[in-house]
Amino acid sequence: MSLERKYVEVKTPRLLIRPLQPYDAPSIFTMRSDPEVVKYTSHSPDKDVETTMKAMQEWQEAGRYNFVVELLTQDDKESGIKTDHPVAKRKFVGVIGIVRSPEIGYCFSREFWRKGYATEAMQAFLGLAWDHLSQSGGFGYVTAQVDTENIGSNRLLEKVGFKKQKTTVADYESPVLGSVRDSFLWQLDKPLSS
Ligand SMILES: CC(C)(COP(=O)(O)OP(=O)(O)OC[C@H]1O[C@@H](n2cnc3c(N)ncnc32)[C@H](O)[C@@H]1OP(=O)(O)O)[C@@H](O)C(=O)NCCC(=O)NCCS
């Protein structure tokens, strides 16, 4: 599947969630070059934009269902979203998507942490995820795998209703932390109304 599959987007009071595009590479590079951002993942900070583009290519080949989260501009709020999506006018906040069905993944730039954006984006993205998962494997739930010490990510999942299923010991290795890490597996069942 390509990054340009059926175009769907969601607007929240503060955010636009729209499909990831190749021109997002520089913003994603800036986010993923920050060691604090990738600390609880199995990859090193991106060293250049080519590394980011290679990762994006791999996501595309794997058929990931990836979306970019942007801050709505005042103009977006007053006049509605224009179809040409002038990316330069909106600030890039982060990425959210289905990594491999039914696992969800997300990553936000550090300057936007702790403002409720991940909660807002997740709640809106789940609407898209239910439709996507029912078409790709018939899943009636989403999962997330999170380092046991990733306080923000674990709190986010708990807040939006995920339930902790189990702990996986020695689940992955973090190059930034230089250690083998334990993870919690979280699950959220599709609401009956979706
Ligand atoms: C995890 C992450 C997405 C959270 O994004 P965010 O926009 O800061 O989340 P929110 O502002 O919506 O906060 C959600 C909840 O988590 C809490 N929280 C977020 N970061 C926190 C932190 N560092 N310490 C304590 N609580 C934290 C918030 O206070 C809020 O809970 P509350 O409403 O009860 O106060 C963001 O920190 C991130 O991108 N981290 C790096 C990438 C990553 O770890 N991804 C997940 C890999 S599994």
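Residues numbered from 1 in each chain as written. Predicted model: local features only at pLDDT ≥ 70, side-chain atom pairs only at ≥ 80, totals over all residues.

Colleague: Explanation requested: the overall build of the protein in the structure shown.
Modeller: Along the backbone of the protein there are six helices and eight strands. Seen in sequence order, the protein has helices and strands lined up from the N terminus as β-β-α-α-α-β-α-β-β-α-β-α-β-β. Expected size for 194 residues packed as a compact globule is a radius of gyration near 16 Å; at 16 Å, the protein falls within 12% of this value. Based on the C-alpha atoms only, the size of the protein along its principal axes is roughly 50 × 45 × 35 Å. Among the 194 residues that make up the protein, the fraction classed as buried is 28%. Contacts in the protein between residues far apart in sequence, at least 24 positions, make up 64% of those at least 6 positions apart. (Helix = DSSP H or I, 4+ residues; strand = E, 2+ residues; numbered from the N terminus. Rg over C-alpha atoms; globule rule 2.2 N^0.38 Å. Buried ≥ 20, exposed ≤ 12 C-beta atoms within 10 Å, placed from the backbone. Contact = placed C-beta atoms within 7 Å.)

Colleague: Would you take a moment to explain the packing of helix 1 (residues 25-32) against helix 3 (residues 49-61) for this structure?
Modeller: A pair of packed helices can be characterised by two numbers: the angle between their axes and the separation between those axes. Where helix 1 contacts helix 3, the axes come no closer than 9 Å and their chain directions differ by 105°. Overall, the two elements helix 1 and helix 3 adopt an arrangement that is roughly perpendicular. Listed contacts from helix 3 to Ala25, Pro26, Ile28, Phe29 and Arg32 of helix 1 are Val49, Thr52, Met53 and Met56. Across the contact of helix 1 with helix 3, the residue classes tally to seven nonpolar, one polar and one charged. (Axes fitted to C-alpha atoms, helices over the stretch in contact; angles between N-to-C directions. Parallel < 35°, antiparallel > 145°, perpendicular 65-115°, else oblique. Nonpolar A, V, L, I, M, F, W, Y, C, P; charged D, E, K, R; others polar.)

Colleague: Any chance you could explain the environment of Val142 here in plain terms?
Modeller: With respect to the helices and strands, Val142 occurs in strand 6 (residues 141-147). In the structure, Val142 is positioned 25 residues away from Tyr117 in sequence and 20 Å away in space, judged by C-alpha atoms. Residues contacting Val142, with those up to four places away along its chain left out, are Pro102, Ile104, Ala129, Leu133 and Leu188.

Colleague: Quick question: what am I supposed to make of the environment of Met122 here?
Modeller: In this fold, Met122 is placed in helix 5 (residues 117-135). Its 24 C-beta neighbours within 10 Å are what place Met122 among the buried residues. When near neighbours in sequence (up to four residues on either side) are disregarded, Met122 contacts Ile96, Tyr106, Leu156 and Val160.

Colleague: Before we go on, may I ask you to explain helix 1 in this structure?
Modeller: Ile28, Phe29, Met31 and Arg32 are the residues of helix 1 that are buried. Viewed end-on, helix 1 has its buried residues packed into an arc of 165°, placing them on one side of the element. Close packing links the buried residues of helix 1 with helix 2 (35-38), helix 3, strand 4 (92-100) and strand 5 (103-108). (Arc of directions from axis to C-beta.)

Colleague: I tried to follow the pairing of strand 6 on my own but got confused; where do I start?
Modeller: Every other side chain in a regular strand lies on the same face of the sheet, so the side chains alternate between the two faces. Across the two faces of strand 6 the burial differs, with Val142, Ala144 and Val146 buried and Tyr141, Thr143, Gln145 and Asp147 not buried at all. Looking at chain direction, strand 6 and strand 8 (residues 179-189) are connected through seven bridges and run antiparallel. By the bridge assignment, Ala144 is partnered in strand 8 with Trp186. (Pairing = 2+ DSSP bridges.)

Colleague: Looking at this structure, I do not really get the site of the ligand. What am I missing?
Modeller: Among the 21 residues in the neighbourhood of the ligand, the closest are listed as Phe108, Ala118, Thr119, Gly152 and Arg155. Sorting the residues of the shell around the ligand by element identifies strand 5, helix 5 and helix 6 (151-159) as the ones contributing at least two each. In the shell around the ligand, the residues fall into eleven nonpolar, six polar and four charged. (Near = placed C-beta within 6 Å.)

Colleague: Teacher, can you tell me more about the pairing of strand 2 (residues 15-19) here?
Modeller: Burial within strand 2 is extensive, with five of its five residues counted as buried. Turn length for the strand 1 (residues 10-11)-strand 2 hairpin, with the two strands adjacent in sequence and antiparallel, is three residues. Sheet analysis places strand 2 next to strand 3 (residues 65-71), joined by five bridges and oriented antiparallel. Paired with Arg18 across the two strands is Val68, which belongs to strand 3.

Colleague: Is there a simple way to think about helix 5 in this case?
Modeller: Count 3.6 residues to each turn of an α-helix, and residues three or four apart come out pointing the same way. Its 19 residues give helix 5 an end-to-end C-alpha distance of 27 Å, which sits within 8% of 27 Å, the value for a rise of 1.5 Å per residue. Residue Leu126 marks the point of greatest curvature in helix 5, where the axis turns by about 30°. Along helix 5, the residues that are buried comprise Ala118, Ala121, Met122, Ala124, Phe125, Leu126, Ala129, His132 and Leu133. Positive phi appears at Gly137, one or two residues downstream of helix 5, with a value of about 110°. (Expected span 1.5 Å × (residues − 1). Bend = angle between axes of the 7 residues up to and from the residue.)

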